[in-house]
Amino acid sequence: MIPGFTKAAILKAVINGSTLEEAASQERITNARARSALQLLCRRFRLPAEVSDIQAHPERYAQALGEFEASPEIGLGRALATKLTEALKLSSPKQVTPAYLSNISATQLLERGLTIINLHQIETWLSSSGKELKRSPPRTDWEIQEVNKAISLLHTFFFDVSAAKGQFEKLLSRSESQPVMADE
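This is a predicted model, so every value here is computed, not measured.

Draft legend 1. Broad picture of the overall build of the chain. For the chain, the helix and strand inventory stands at twelve helices and zero strands. Reading the chain from its N terminus to its C terminus gives the helix and strand order α-α-α-α-α-α-α-α-α-α-α-α. Whereas a compact globule of 184 residues would reach a radius of gyration of roughly 16 Å, the chain reaches 21 Å, over 25% beyond that. Projected onto its principal axes, the C-alpha positions of the chain cover 65 × 45 × 25 Å. Sorting the 184 residues of the chain into buried and exposed places 34% on the buried side. Expressed as a percentage of contacts within the chain between residues at least 6 apart in sequence, the contacts between residues at least 24 apart total 56%. If you sum the accessible surface of the chain, you get close to 11,800 Å²; carbon and sulfur atoms cover 53% of it. Of the side-chain charges in the chain, 22 are positive and 21 negative, and the distance between the mean point of each set is 5 Å.

Written as structure tokens, this is what we have:
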């Protein structure tokens, strides 16, 4: 099975003028798998799968590809889209839209069983449509530890974390006047 993001990358490369062989090489797959990925995706779009057709009418393919990539099951992956659907008590993964998720905070998602890695995947997907999770300060001791770990990790890779540290300390000083929820 070829993942949706690989199919999308193959089509995107062909739209941008690459040969099928070049696209396969970029994705580190065989030419046969690249051809299969292209055919499967184009069949889904009800468009011809010939490289010459794709490069002759790139706008049609780019539009179909944009709609495909905006799908939560493709952008987030089927497993995460299903997990979000269940966690948010939605009836379908199609309801997991960037507009919907931008009204939910990281804390709310963590409380519903999602992981830090899931939050990263969601935030990455949201940023591709100019959205982000609803901002809120860390509330639990565990969330505070995770933020502290993230700052430390960035520091070890030579990022300037002075602004993040300052903001974090400011948030912590505010929370001292308000009780922080204990881990459950």
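Draft legend 2. Seen up close, the nonpolar core. Core analysis: the largest hydrophobic core is formed by 24 residues, its most contacted members being I10, L11 and I54. Mapped onto this core, the elements with two or more residues apiece are α1 (4-15), α2 (20-27), α3 (31-45) and α5 (58-70). One finds L80, L90, V96 and L126 within the second-largest nonpolar core, a separate group that totals 17 residues.

Draft legend 3. Examining the side chain of S105 more closely. Of note, S105 is situated in the loop between α8 (98-101) and α9 (106-111). Once residues within four sequence positions are removed from consideration, S105 is found in contact with K134 and S136.

Draft legend 4. A look at a nonpolar patch on the surface. A contiguous nonpolar surface patch, about 430 Å² in accessible area, is contributed by L153, L154, F157 and F159. Turning to its location among the elements, F159 is positioned in the loop between α11 (141-156) and α12 (162-176).

Draft legend 5. α2, seen in detail. Taken together, the buried positions of α2 are L20, A23 and A24. All buried residues of α2 project into a common sector of 100 degrees when viewed along the axis, lining one side. The inward-facing, buried residues of α2 contact α1, α3 and α4 (51-56). In the stretch just after α2, R28 is the one whose phi turns positive, near 60 degrees.

Draft legend 6. Just the packing of α3 against α5, in detail. Packing of α3 against α5 brings their axes to within 11 Å, and their N-to-C directions diverge by 90 degrees. Judged on the interaxial angle alone, α5 and α3 are roughly perpendicular. Residues L41, C42, R44 and F45 of α3 form the contact with α5, whose own contacting residues are Y61, A64, L65 and F68. A class-by-class count of the residues in the contact of α3 with α5 yields seven nonpolar, no polar and one charged.

Basis of the calculations
Residues numbered from 1 in each chain as written. Predicted model: local features only at pLDDT ≥ 70, side-chain atom pairs only at ≥ 80, totals over all residues. Heavy atoms only, no water. Helix = DSSP H or I, 4+ residues; strand = E, 2+ residues; numbered from the N terminus. Rg over C-alpha atoms; globule rule 2.2 N^0.38 Å. Buried < 20%, exposed > 50% of the residue type's maximum accessible area, 1.4 Å probe, protein only. Contact = heavy atoms within 4.5 Å. Areas by Shrake-Rupley, 256 points an atom, 1.4 Å probe, with all protein chains shown as cover. Lys, Arg positive; Asp, Glu negative; His and termini not counted. Charge placed at Lys NZ, Arg CZ, Asp CG, Glu CD. Core = buried A, V, L, I, M, F, W, Y, C linked by side-chain atoms within 4.5 Å. Patch = residues over 30% accessible without salt bridge, like charges linked within 9 Å, V, L, I, M, F, W, Y side chains within 5 Å. Salt bridge = Lys/Arg side-chain N within 4 Å of Asp/Glu carboxyl O. Arc of directions from axis to C-beta. Axes fitted to C-alpha atoms, helices over the stretch in contact; angles between N-to-C directions. Parallel < 35°, antiparallel > 145°, perpendicular 65-115°, else oblique. Nonpolar A, V, L, I, M, F, W, Y, C, P; charged D, E, K, R; others polar.

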